[in-house]
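Summary of the model geometry
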Amino acid sequence: MSTERIATVVGDLIRRINDAIDEHEVTYDEYHAAMNYLIRLGEAGEWPLFLDVFFEHTVERLNQGEGGTIRGPYYVPDAPWLEHPYVLPQRDDEKGDVLILSGTVHSTGGRPVPGAVLDMWQADADTYYSNVQEGPPPFNLRGRMTADDNGEFEVRTIVPPSYHLPRGGPMEELLNAAGWHDFRPGHLHFVVSADGYEPLITQLYFEGDRYLDSDVASAVKPELVLGLRKHDSPEEMEARGLKKPFFTTTHEFRLKPQDG
Ligand code: DHB
Ligand code: FE
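Residues numbered from 1 in each chain as written. Chains lettered and ligands numbered in written order. Predicted model: local features only at pLDDT ≥ 70, side-chain atom pairs only at ≥ 80, totals over all residues. Heavy atoms only, no water.

For clarity, the threshold we go by: UniProt positions are given in the numbering used here, feature names are shortened, and annotations may be inferred rather than shown by experiment.
An unreviewed UniProt entry annotates the protein chain as Catechol 1,2-dioxygenase originating from Haloechinothrix aidingensis. Among the UniProt annotations of the protein chain, the heading Cofactor (unreviewed entry) holds the following wording: "Fe(3+)".

Section: the coordination of the iron ion (ligand 2)
Keep this limit in mind: Atoms of type N, O and S within 2.8 Å of a metal are treated as its donors, and for Na, K and Ca the window is 3.2 Å; water is not considered, so some sites may appear to be missing partners. Each helix corresponds to a stretch of at least 4 residues labelled H or I by DSSP, and each strand to a stretch of at least 2 residues labelled E; elements are numbered beginning at the N terminus.
Taken together, Tyr129 (OH), His187 (NE2) and His189 (NE2) make up the full set of protein donors to the iron ion (ligand 2), lying 1.9 to 2.1 Å away. One chain supplies every donor for the iron ion (ligand 2), spaced along it as Y-x57-H-x1-H. With Tyr129 in the loop between strand 3 (117-121) and strand 4 (142-146) and His187 in the loop between strand 7 (183-184) and strand 8 (188-193), this residue pair connects regions lying 58 residues apart in the sequence.

Some words on the packing of helix 3 (residues 47-54) against helix 5 (residues 170-178)
To be explicit about the condition: Axis angles are defined between N-to-C directions and span 0 to 180 degrees, where every axis is a line fitted to C-alpha atoms and, for a helix, only to the segment in contact. In this scheme, roughly parallel covers angles under 35 degrees and roughly antiparallel covers those over 145, while 65 to 115 is roughly perpendicular and the rest are oblique. Contact between two residues is taken to exist if any of their heavy atoms lie within 4.5 Å; hydrogens are not considered.
For the pair helix 3 and helix 5, interaxial distance at closest approach is 9 Å and the crossing angle is 40°. As summarised for this structure, helix 3 and helix 5 are arranged oblique, according to the angle between their axes. Here helix 3 contributes Leu49, Phe50, Val53 and Phe54 to the contact with helix 5, which in turn contributes Met171, Leu174 and Leu175.

Structural notes on the site of ligand 1
Stated precisely, the cut-off is as follows: Here, proximity means that at least one heavy atom of the residue falls within 4 Å of the molecule or strand. Residues adjacent in sequence count toward polar contacts only when both atoms are side-chain atoms; beyond that, a polar contact is any pair of N or O atoms within 3.5 Å, and within protein one must be able to donate a hydrogen and the other to accept it. Each residue receives one of three labels: charged for Asp, Glu, Lys and Arg, nonpolar for Ala, Val, Leu, Ile, Met, Phe, Trp, Tyr, Cys and Pro, and polar for the others, Gly being one of them.
Among the 15 residues in the neighbourhood of ligand 1, the closest are listed as Asp52, Val53, Tyr129, Arg184 and His189. For ligand 1, an oxygen atom lies 3.1 Å from a polar atom in the side chain of His187. Between His189 and ligand 1, the recorded distance is 2.9 Å, taken from a side-chain N or O atom to an oxygen atom. For the shell around ligand 1, the per-class residue count stands at nine nonpolar, four polar and two charged.

And the structure:
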């Protein structure tokens, strides 16, 4: 970043914060409480959570636009490569309804993108992310897979229930203190990439989730909310080799060609 850019953006941030302090006549007690809070936020390692909840959605909108949304703080690189038929790594007794997500990776022009890579991750039904929080084994509900020659893929996982941010730290303390809830709608995370295209960072949500309109991270877009179809006939379960009802849904990811 150039000196000029830093002076412009940081200078404006400082000016606007000063304006807010002025407008709300912030006291010394409040100033010191804020300082103490920000120090504790860092000590707890929650700066990425704080910034991604309150600000990433704006950066994302400016830089990705339609079909994308925030990455959030819990992406972990080098997730295992999955083999056909794709099943996101999970415990034998993984909690949650079975979800079969099928779909395509297309260019924004509508052409299939053969061999596109889908890097996928989600929290478990108790809202814990593997490799981040205690509980799930390493790389639970994280995996990488490729679309086929027609840009198509299918993966089995669990339906993500409504999600709340990690609790017990400064972030929860702030949300409670302001009287705000800490929920996001249940979601699946993706980075979809292919040679010659801009990587697409996005999430998928599901109709009926009670937090679609009040996501604490402001990261829901209508084109990312999918309907779920329930399958509970013995024939359908048998055909899938499943002993319990399952849900299906489908989505088209659209990748933007580089330099264009
Ligand atoms: C945030 C985003 C997520 O997807 C998540 O699971 C947790 C936090 C965030 O915006 O900080
Ligand atoms: Fe998430």
